[in-house]
Each structure stands twice: as C-alpha cells, then as structure tokens.
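Chain by chain, the residues:
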Amino acid sequence: MIPLLLRRRGSVSEALAVIAFTASSAILATVVGGVVAFAHRAHLLPGDTPLPDGAGLSDEQQLAASLVVCAVVAGALLVPSAVSLGASAAKLSLVRRARSLATIRLVGGTTGQVGSIAVLDVAVQALVGAVLGIGVHLAVTPVLTRLDFGMTPFTASELMLPVWAYPVLVLVLVALAAASGAISLVGVAISPLGVARESRTVRVSLLRGGLWVLMLVAFVVVSRMSFHDTGVAMAVIAVFMMIVVAGVDVVGPLVVWLAAKAVGATAPWPSWLVGARRLAADPKSGWRTVSGITFGLVVAGMLTLLAVVGDSSGDADQFASALMTGGYLTLGIATVLAAVSTGVTQAARVIDQADTYRAQHIGGATVAQLHRARAAEVVLPVALSSIVATTSALVLLSPVLGSMSTSVIPVVLYVAAAICAYALVGVAVAASAPLVRRAALSAR
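What you see is a predicted model, and the numbers here were worked out from it, not measured in a lab.

> Please explain the overall build of the chain as it appears in this structure.
The helix and strand tally for the chain stands at 16 helices and zero strands. Nonlocal contacts in the chain, meaning residues at least 24 apart in sequence, comprise 86% of its contacts between residues at least 6 apart.

As structure tokens, this is what we get:
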C-alpha cells in the first residue's frame, strides 16, 4: 500500500507543495533573524553584554531599541501569512490526492493506515521544502547586510539565527504540515464512493463575519488602552495585529461565497455564471488564490504610516529613514510571499478542477470559453480582496489616522501596490493557463 500511495502522480503537484514550503521557511527564518538582530543591537535579549553601571544606551542602541518595535510589527504582519502558506500547501496536497486515498481503501487499507501514510507524505514534502528554504535564507542574508538602517551595517552572522534554531524551525514546519494534513483529512472524502461521486461538501458559516468584526473591534479597543510597560504594550498590540491579519483569511471565504451567490443569480454572460457557480461551490479554494495578494495590500496600507512619518519629518531624519527602509523591505518580502502564494494556488486550483474542465470540454465548451470562465472566477475574489484588505489596513492604522497629514504619498503608494497586486494575479493566471488546456484535452 505504501508504494501505491507514495507513487508520484505528477511532478507539477509535488513541485507546488515544495515551492510553498520553501518560501514559507525562507521568509520565517529571515524575518525572525531580523527581529533578533535588532534586539541584540539594543541589548534586549538574555545573554547580551550588560552595560556598565550608570551607562546609558548609545545613540545607535537607542535607535535599535526603537526599531525593535517596528521589526516586531513587521514580523506580526509577515509570520501569519508565511505559516498559512505552508499550512495551505499541506491541505492542497491532500485534497489533490483524494483518489489515491480512496484507492488504498479499496485494496483493504484502514482509515488509520491511509491517514498515517498520507500525513507522512505531506511531512516529507514539508521537510524538503523547509531545508531548501533555509538554504534560500542563507543565500539572501549577505544581500540584506547592504540595507541602510542609519546605524553600523549588520553583518551576515547577526542576521542569521543560532545554529540550533534551524533544525528547530524545520521541525516546527514539518509538525505544522503534519497537523494541517491530519486536520485536512477530516474534510477529504477518502471513501471510494465519496471520491467517485465527488461528494465533498464545502460549508461556509456566517459566524466568520461576526468573528472578523470582533477581531477588528478588539484591536481598536486594545490599541487605545494605556499600558505602564512599553514592552507589554508592544507585545499585546503585536499579538492583536497578528490576529487581525489572520482574520482576513477567516472572513474572505464568506465574502467570496456571498458575492458568488449574488453574481450567479444575476450573471449577464455564461462565463460569469460558470465562474460564479464554481466559486459558490468552493469559496475557500477561490479565496486561497488571492489571500496572498490581500496580505500584500494590507502591508501596503501599513506602509502608508511609514510614508506619513517620513514625509512629516522634513528632511533626513535618521529614524524616519530607517523606518522607511524597513517598510519597503517588509513590502518586498510580502510581494514575494504574495507571488508564490498566488502562483501556487492558481496552478493548484486548475489541477484540482481538472475533471471539471475535462467534462465541460466534452460537453461542448471550447478551451477559450473555459479560459473566460476562469477569468471570471478570478476577477471576483480579486475585487473583494481589495475591499477586505483596505478595511483591515484602515483598522490597523486607526490609532494614528487622526495625526496623519494630507500628503498624497500614502495614496500613491497604496494605488501602486494595488496595481502591482493585480498585475501579479494576471501573471499567475497566464502562467497556469496551459494547465487548463492540458486538463481539457487530456484523456480520462
């Protein structure tokens, strides 16, 4: 049974999962390494060289201490989506292998045996991706030493994690993948009859909307509270910021499902009707294709705060300059994350719907019509992601909205980021277009 389940059913499917795990581990290692580097410069971590009695922090150490807050905020924005990308890769891998799981059941495998081997398969993919991601992190670290934060440039060793931390990171990612895979098995029909009839049902609860609103309200309340300890305030706000960012993926499928139902009932063209019904049938998968872009737009919204700070500082203020450098670095990492997430999920969605494309083509739909239906299937989540991202960014910026200037720089930055996000989706759709033709023309 093990050789049958572990048999490679397609290099594309395997590559998608490994690429996602690689990007996730590389980003996690780089972000955590940066936060630790700033904390070391500010002598905030245990084991750092203690300052002499009566000696205060130097100007560089004070700047580093201020930037630690910004680094933690950047980590709060980046880490949830990086982890989510790895979890999504595990789920997609198992969903696409539902037929293999059902085949094992047919030849006598128990649910426990099938589940254990399937989760092991996902864990192996995560292990390969995590190791490759650590390699990418080590390769790009020397480039990051050239960034100017208004202080003595970081060395490569400062931006790297301790040696013991890398195997720990790999183990954490593998464990996360295994856990996500195990949870996903609950939603994957592994009975032969269920897979043959494609009876997997995707449900979206209206409670998602209420939960998202609760997350937003909680962040606004916490951000306006007074704390006696700055460190505690930073930690609490960072945690709630992570909750808000993670909440984008909570409300996204619900918004897509409601909009798809409305469009499906009023669609003026057949392609929009088909695309809307596909989204209504599986809104979670539809949202995953734009979740990375949504996160990128949330980060772009946060970057408007940095633009306002830099613009209001008048000239070459050291802290404002360092803040802008960190902001653009965060946006750059978010763009890479969004690119990988969008490309992987777009291709994975086509692979997951291969049988549907084949059946529609046999039923009379041309390949061009299938492409138009897919375009409609992508445009709707993209438009909705802009609304969700803008709302989330406004809430995250709510503590400082009253002090913002009337500068047009934030608006220009956000519009530019949105245009790049839409272009990114277009590239991902175009890159996976050959898979649609291949699926439509393939034999059973």
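> Any chance you could explain the packing of aromatic side chains here in plain terms?
Pairs of aromatic rings are described using the distance from one ring centre to the other and the angle between the two planes. Tallying each qualifying case throughout the model produces four aromatic pairs. Taken together, a centroid distance of 5.2 Å and an interplanar angle of 90° make the contact between Phe-38 and Phe-149 edge-to-face. Separated by 111 residues along the polypeptide, Phe-38 in helix α2 (residues 11-41) and Phe-149 in the loop between α5 (111-144) and α6 (156-159) bring together distant segments of the chain. According to the relative accessible area criterion, Phe-38 is buried, its value standing at 9%. Summarising the aromatic geometry, the rings of Phe-38 and Phe-154 are spaced 5.0 Å apart at their centres and angled 85° between planes, so their arrangement reads as edge-to-face. Of the two residues, Phe-38 sits in helix α2 while Phe-154 sits in the loop between α5 and α6, which places them 116 residues apart along the sequence.

> I tried to follow the nonpolar core on my own but got confused; where do I start?
The tendency in soluble globular proteins is for nonpolar side chains to be buried side by side. Among the nonpolar cores identified, the biggest contains 83 residues, and Leu-77, Phe-295, Leu-297, Leu-380 and Leu-396 are the most heavily contacted of them. Setting aside chain neighbours within four positions, we find Leu-380 in contact with Ala-259, Ala-260, Val-263 and Leu-279. One finds Leu-63, Leu-67, Met-151 and Ala-322 within the second-largest nonpolar core, a separate group that totals 14 residues.

> What is the right way to look at the side chain of Thr-22 in this model?
Within the fold, Thr-22 resides in helix α2. At 2.7 Å, the side chain of Thr-22 forms a polar contact with the backbone oxygen of Val-18. Residues contacting Thr-22, with those up to four places away along its chain left out, are Gly-129, Leu-132, Gly-133 and Val-136.

> What is the right way to look at the pattern of salt bridges in this model?
According to the stated counting rule, one finds one salt bridge in the structure shown. Measuring nitrogen to oxygen at the nearest pair gives 3.1 Å for the salt bridge that ties Arg-278 to Glu-377. Here Glu-377 lies in helix α15 (residues 367-397) and Arg-278 lies in helix α11 (residues 270-281), a separation of 99 residues in the sequence. Like Glu-377, Arg-278 is buried.

> I'm lost on the environment of Gly-275 in this one. Help?
When you line up the elements, Gly-275 lands in helix α11. Among residues more than four places away in sequence, those in contact with Gly-275 are Ala-373 and Glu-377.

> Hey, could you run me through a nonpolar patch on the surface in this one?
Taken together, the side chains of Leu-120, Val-124, Val-128 and Leu-132 present a nonpolar region at the surface, about 330 Å² in accessible area. A relative accessible area of 51% means that Leu-120 is categorised as exposed.

> What should I look at first to understand helix α9 (residues 207-223) in this one?
Each turn of an α-helix holds 3.6 residues, which means side chains three or four residues apart point in the same direction. The first and last C-alpha atoms of α9 sit 24 Å apart over 17 residues, in line with the 24 Å expected at 1.5 Å per residue. Inspection of α9 places Gly-209, Trp-212, Met-215, Leu-216, Phe-219, Val-222 and Ser-223 among the buried residues, and these make up the whole buried set. Buried residues in α9, looked at end-on, bunch into an arc of 165°, giving them a common side. Of the residues in α9, the exposed ones pointing more than 90 degrees away from the buried face are Leu-207 and Leu-214.

> Would you mind going over the packing of α9 against α15 with me for this structure?
Helix-helix packing is characterised by the crossing angle of the two axes and by the distance between the axes. Direction vectors running N to C along α9 and α15 enclose 25°, while the axes themselves pass 9 Å from each other. Of the possible angle classes, the one that applies to α9 and α15 is roughly parallel. Here Trp-212, Leu-216, Phe-219 and Val-220 of α9 come into contact with α15, specifically with Val-388, Thr-391, Ser-392, Val-395 and Leu-396. Taken together, the residues of the contact of α9 with α15 break down into seven nonpolar, two polar and no charged.

Conventions and cut-offs
Residues numbered from 1 in each chain as written. Predicted model: local features only at pLDDT ≥ 70, side-chain atom pairs only at ≥ 80, totals over all residues. Heavy atoms only, no water. Helix = DSSP H or I, 4+ residues; strand = E, 2+ residues; numbered from the N terminus. Contact = heavy atoms within 4.5 Å. Phe/Tyr/Trp six-rings, centres within 6.5 Å; stacked < 30°, edge-to-face > 60°. Buried < 20%, exposed > 50% of the residue type's maximum accessible area, 1.4 Å probe, protein only. Core = buried A, V, L, I, M, F, W, Y, C linked by side-chain atoms within 4.5 Å. Polar contact = N/O pair within 3.5 Å; in protein donor to acceptor, adjacent residues only side chain to side chain. Salt bridge = Lys/Arg side-chain N within 4 Å of Asp/Glu carboxyl O. Patch = residues over 30% accessible without salt bridge, like charges linked within 9 Å, V, L, I, M, F, W, Y side chains within 5 Å. Areas by Shrake-Rupley, 256 points an atom, 1.4 Å probe, with all protein chains shown as cover. Expected span 1.5 Å × (residues − 1). Arc of directions from axis to C-beta. Axes fitted to C-alpha atoms, helices over the stretch in contact; angles between N-to-C directions. Parallel < 35°, antiparallel > 145°, perpendicular 65-115°, else oblique. Nonpolar A, V, L, I, M, F, W, Y, C, P; charged D, E, K, R; others polar.

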